[in-house]
Amino acid sequence: MSRARCHALFLAAVSPRGATTGVAARRGLSAWPVLQEPGMEYQDAVRTLNTLQTNANYLEMVKRERGDPQTQLEAMKLYLARSGLQVEDLDQLNIIHITGTKGKGSTCAFTERILRSYGLKTGFFSSPHLVQVRERIRINGQPISSELFTKHFWRLYHRLEETKDDSSCVSMPGYFRFLTLMAFHVFLQEKVDLAVVEVGIGGAYDCTNIIRKPVVCGITSLGIDHTGLLGDTMEKIAWQKGGIFKSGVPAFTVPQPDEPLAVLRDRAQQISCPLYLCPPLQALEEGGPPLTLGLEGEHQRSNAALALQLARCWLQQKGYQDAGELKASRSSLPGQLPLAPVFQPTPHMQQGLRHTEWPGRTQLLRRGPLTWYLDGAHTTSSMQACVRWFRQALHRCQRPDSGSEVRVLLFNSTGDRDSAALLKLLQPCQFDYAIFCPNLAEMASTDNADQQNFTVTLDQVLLRCLTHQQHWSRLHEEQASPDPWSTPSREQGGPASLLAPHPPHTHSASSLIFSCISHALQWITQGRDPVFQLPRPPRGLLAHPVADSGAVVLQEAAAIHVLVTGSLHLVGGVLKLLEPSLSQ
């Protein structure tokens, strides 16, 4: 097959019946960059960062070493020492350490914004990034500047290069470990009053767990994810998450299922960590005005409740008087976790909750006839929450006076996640089209190092998209031909009344695969998004019956609702194109 022929197949939409495994090219998304003398530009720094072990390779290493977590932590301490810091130096950062499966990023964002409302200078370390890697390290809620990132990157990189031992197996830290080290250096250099640190994966084995004296710890909602690393049961995952507990350091958890909650309780007792169960946000609202949250979705109330407890505890530990007047102390039953106090959120706390922003999580963008619903849900529990939020948002939106409405799903899923289970949860949303594409913003991404991925080939990601499409088609076939002996089940994600009547089009089971996000957005928007305006795609790119008929429907629709979900990296690629200012 000629090179030109391969390229044409990459750019074309793929139908479920006509696709074969031969459509993928025998080349990667990009080649490993050639190491050159580093410059002082931001993109040079990010390209060099990308030459370190990638997250996928790091996960494989941790899987091999999971039987000896102490070795991993000792290795991280050695990297820290080579960078010029000792573990004791991190005590100055007054850290709030947060882990969990679902909602840990949102909880971190709520917590940081609440404490910033008190006039405190905050640091915030999170992962992954959506558009630019510098988003992972924030000062006062804003990603550090390109100049600050570049300065700290080269300073740390050269220091580690100068101190590496050629005889060791791994002389440089991996991608995530490097950024963790860099965040600590930035926060100390910038003299923050506190740092909110999100655990990367797990807890006990995570490289952030070299933090020995956090001020307070938090556990968000637990679920099944990263089973190859954390274990395949909720109990095993809870044990891992509880690994961030420290002796004498208060910790708070949202309500969990009985079995993992018991594991967290036992883990806390073994470590001598005082662990408390958060009351619902409703209990804190009683007797006062309802709290307004900057993040949409009912599930964010649990994250906000945890954030309030973490912020209040931090303020109390640091001697602040204005930390919320106690309403009542709640007793717990024997053998259960003690309940955290119910208090009146202060005006600073209310302001923080109201002004919290966390891009890519339950985010809405309204642009002309298009409404974009962006949520990086990638586990079954987070996808259930995403579906509830999407359907409630649809229910609230204003219906057009005339003309049709079209619902489009843009989906991708990576790693070892069960895409069939995720797609099944999305079925009740009654999409007219399902679009699948890799987490690749554009076919030529070499000019943007932040979006480069060296762990997979284009062949692999397109074949995964084909698998998603086949799952989607199979689900629609099963829905069209239900088992006559089965009993009707309630829809996932909430009552059917949340959605206005939406008669299926004749193309209700239609789906397409595009080779990159840019091509998918060009088809979805049909030039109708006032910001996303690109030259028309090459002739023949969308030469496909479903693409042709769908283009007419999208061009004539009075309203187009697009849900982007399944992967935070997919959401990040979409935001990069829809919000060009995020790349500046």
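Everything numeric here is computed off the predicted structure, so don't read it as measured data. (Residues numbered from 1 in each chain as written. Predicted model: local features only at pLDDT ≥ 70, side-chain atom pairs only at ≥ 80, totals over all residues. Heavy atoms only, no water.)

Student: Go over helix H18 (residues 545–556) with me, naming the residues and quoting the values.
Tutor: Taking 1.5 Å as the rise per residue, H18 with 12 residues should run 16 Å; its terminal C-alpha atoms sit 17 Å apart, in good agreement. The set of residues buried in H18 consists of Val 546, Ala 547, Gly 550, Ala 551, Val 553 and Leu 554. Residues of H18 that are buried sit in contact with strand S13 (405–411), strand S14 (433–436), strand S15 (510–513), helix H17 (517–525) and strand S16 (559–565). (Helix = DSSP H or I, 4+ residues; strand = E, 2+ residues; numbered from the N terminus. Expected span 1.5 Å × (residues − 1). Buried < 20%, exposed > 50% of the residue type's maximum accessible area, 1.4 Å probe, protein only. Contact = heavy atoms within 4.5 Å.)

Student: Would you mind going over the sheet that holds S14 in detail, with residue names and values included?
Tutor: Judged by pairing direction, the sheet is mixed, and its 6 strands sit side by side in the order S11-S12-S16-S13-S14-S15 without closing on themselves. Two strands bound the open sheet, and with one partner strand each, they are strand S11 (363–367) and S15. Within this sheet the neighbouring strands show an average axis-to-axis angle of 20°, counted without direction. Note that S11 and strand S12 (residues 370–374) share 5 bridges and pair antiparallel. Paired with Arg 366 across the bridge in S12 is Thr 371. Lying over the sheet, helix H14 (residues 380–396) contacts S11, S12, S13 and S16, oriented at roughly 165° with respect to S16. Contacts between helix H16 (residues 458–480) and the sheet are confined to S13, S14 and S15, with S15 contributing the most and set at about 175° to the helix. (Pairing = 2+ DSSP bridges. Axes fitted to C-alpha atoms, helices over the stretch in contact; angles between N-to-C directions.)

Student: Residues and numbers for the packing of aromatic side chains, please.
Tutor: Summed over all chains, the structure comprises 18 aromatic pairs. Ring geometry for Phe 124 against Trp 358: centres 5.2 Å apart, planes inclined by 25°, an arrangement best described as stacked. Here Phe 124 is found in strand S2 (residues 122–125), whereas its partner Trp 358 is found in the loop between helix H13 (347–354) and S11, with 234 residues between them in sequence. Each ring, one from Phe 431 and one from Trp 472, has its centre 6.5 Å from the other, and the planes form 55°; the classification is tilted. Taken together, the positions of Phe 431 in the loop between helix H15 (419–426) and S14 and Trp 472 in helix H16 put the pair 41 residues apart, joining distant regions of the chain. (Phe/Tyr/Trp six-rings, centres within 6.5 Å; stacked < 30°, edge-to-face > 60°.)

Student: Describe in detail the pairing of S2, supporting the description with residues and values.
Tutor: Put simply, side chains in a regular strand alternate between the two faces of the sheet. Neither face of S2 is left uncovered, since the one carrying Thr 122 and Phe 124 and the one carrying Gly 123 and Phe 125 both have all their residues buried. Taken together, the 3 bridges between S2 and strand S3 (residues 137–139) define a ladder with antiparallel strand orientation. Paired with Phe 125 across the strands is Ile 137, a residue of S3.

Student: Help me get a handle on unusual backbone geometry, residues and values and all.
Tutor: Note the cis peptide between Ser 127 and Pro 128, where omega equals -5°. Within the fold, Pro 128 resides in the loop between S2 and S3. A positive phi angle, close to 50°, is found at Asn 94, a residue other than glycine. Following the sequence through the fold, Asn 94 ends up in the loop between helix H4 (69–82) and strand S1 (95–99). Its identity as a non-glycine residue notwithstanding, Thr 362 has a phi of 40°, on the positive side.

Student: Please give an account of the UniProt feature "binding site: Mg(2+)" (unreviewed entry) in the protein that cites residues and values.
Tutor: In the numbering adopted here, UniProt assigns the feature "binding site: Mg(2+)" (unreviewed entry) to Ser 127, Glu 198 and His 226. Relative to the elements of secondary structure, Ser 127 occurs in the loop between S2 and S3. Accessibility expressed as a relative area gives 14% for Ser 127, which makes it buried. Leaving out residues up to four positions away in the same chain, Ser 127 has contacts with Arg 136, Phe 176, Glu 198 and Gly 200. Tracing the backbone shows Glu 198 in strand S5 (residues 194–198). Ignoring any residue separated from it by four or fewer positions in sequence, one finds Glu 198 in contact with Ile 98, Lys 104, Gly 105, Cys 108, Phe 125, Ser 126, Ser 127 and Thr 208. (UniProt positions renumbered as here; feature names shortened; annotations may be inferred.)

Student: An account of the environment of Pro 257 is needed here, citing residue identities and associated values.
Tutor: Tracing the chain through its elements places Pro 257 in the loop between strand S7 (251–253) and helix H10 (258–271). On the accessibility criterion, Pro 257 (42% relative accessible area) is partly exposed.

Student: Outline the side chain of Lys 104, listing residues and values.
Tutor: Here Lys 104 lies in helix H5 (residues 104–116). The charged side chain of Lys 104 is buried without a salt bridge, its nearest counter-charge being Glu 198 at 4.1 Å. A distance of 2.7 Å separates the side chain of Lys 104 from the backbone oxygen of Gly 200, its partner in a polar contact. When sequence neighbours within four positions are dropped, the list of residues in contact with Lys 104 reads Ile 98, Thr 99, Glu 198, Val 199, Gly 200, Ile 201 and Thr 220. (Lys, Arg positive; Asp, Glu negative; His and termini not counted. Salt bridge = Lys/Arg side-chain N within 4 Å of Asp/Glu carboxyl O. Polar contact = N/O pair within 3.5 Å; in protein donor to acceptor, adjacent residues only side chain to side chain.)

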